[in-house]
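# Structural description and commentary
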Amino acid sequence: MAYCATLTVHDRKGEALQTLRYGRMLKGVDELCRTLAQDVCTLLRKQPVLGVILLADGAPELWHC
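Rules and cut-offs
- Residues numbered from 1 in each chain as written.
- Predicted model: local features only at pLDDT ≥ 70, side-chain atom pairs only at ≥ 80, totals over all residues.
- Heavy atoms only, no water.
- Helix = DSSP H or I, 4+ residues; strand = E, 2+ residues; numbered from the N terminus.
- Buried < 20%, exposed > 50% of the residue type's maximum accessible area, 1.4 Å probe, protein only.
- Contact = heavy atoms within 4.5 Å.
- Expected span 1.5 Å × (residues − 1).
- Arc of directions from axis to C-beta.
- Salt bridge = Lys/Arg side-chain N within 4 Å of Asp/Glu carboxyl O.
- Disulfide = S-S within 2.5 Å.
- 1 Å grid on protein atoms, 1.4 Å probe; cavity = no way out; pocket = protein on both sides within 12 Å on 5 of 7 lines; lining within 4 Å.
- Points joined across faces, edges and corners; volume = space filled by probe spheres on them.
- Nonpolar A, V, L, I, M, F, W, Y, C, P; charged D, E, K, R; others polar.
- pLDDT = per-residue confidence, 0-100.

Scanning the protein for helices and strands turns up two helices and two strands. What you see in the protein, going N to C, is helices and strands ordered as β-β-α-α. Based on the C-alpha atoms only, the size of the protein along its principal axes is roughly 35 × 20 × 15 Å. Counting only residues that meet the buried cut, the protein has 15% of its 65 residues in that class. For the protein, the share of sequence-separated contacts (at least 6 apart) that also reach a separation of at least 24 residues comes to 29%.

Bringing helix α1 (residues 29-46) into the picture now. When the terminal C-alpha atoms of α1 are compared, their 26 Å separation across 18 residues agrees well with the 26 Å that a helix rising 1.5 Å per residue should span. Taken residue by residue, α1 has V29, L32, C33 and V40 as its buried positions. Along α1, the residues classed as buried sweep out an arc of 95° about the axis, all on the same side. Counted as exposed and oriented over 90 degrees from the buried face of α1: R34, R45 and K46.

Another point: the pattern of salt bridges. For the structure shown, the criterion picks out one salt bridge. A salt bridge links E31 to R24; the shortest N-O distance between them is 3.6 Å. On the accessibility criterion, E31 (38% relative accessible area) is partly exposed.

Considering all chains together, one arrives at zero disulfides under this definition. This cysteine, C4, is not joined by any disulfide, and C33 carries the nearest cysteine sulfur, 12 Å off. Distance from the sulfur of C41, which forms no disulfide, to the nearest cysteine sulfur (C33) is 13 Å.

Another aspect to go through is the layout of surface pockets. Computed from the structure, the largest pocket encloses a volume of approximately 1,000 Å³. T6, L7, V40, I53 and L54 are, among the 27 residues lining the largest pocket, the residues nearest its centre. Listed by contribution, the elements that provide at least two residues to the lining of the largest pocket are β1 (2-10), α1 and α2 (60-63). Class assignment for the residues of the lining of the largest pocket results in 20 nonpolar, four polar and three charged.

Of all residues in the protein, 94% attain a pLDDT of 70 or more, and the chain-wide mean is 89. For the protein, per-element mean pLDDT is lowest for α2, which scores 70, and highest for strand β2 (residues 16-25), which scores 95.

Pasting the structure below:
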């Protein structure tokens, strides 16, 4: 089992400006969630007005990180 995630920054028109990609094996899901959350927090510290939208599948471990 492997996990993946992306963090994409869009412009006002909805065009993707940059995408960060994350991938971890099963035992690394907690690390993946921490790293992703830290990156989002860093972006929000720099640009507090950014909106954040979360998309995830039905895996419970991803909804409770």
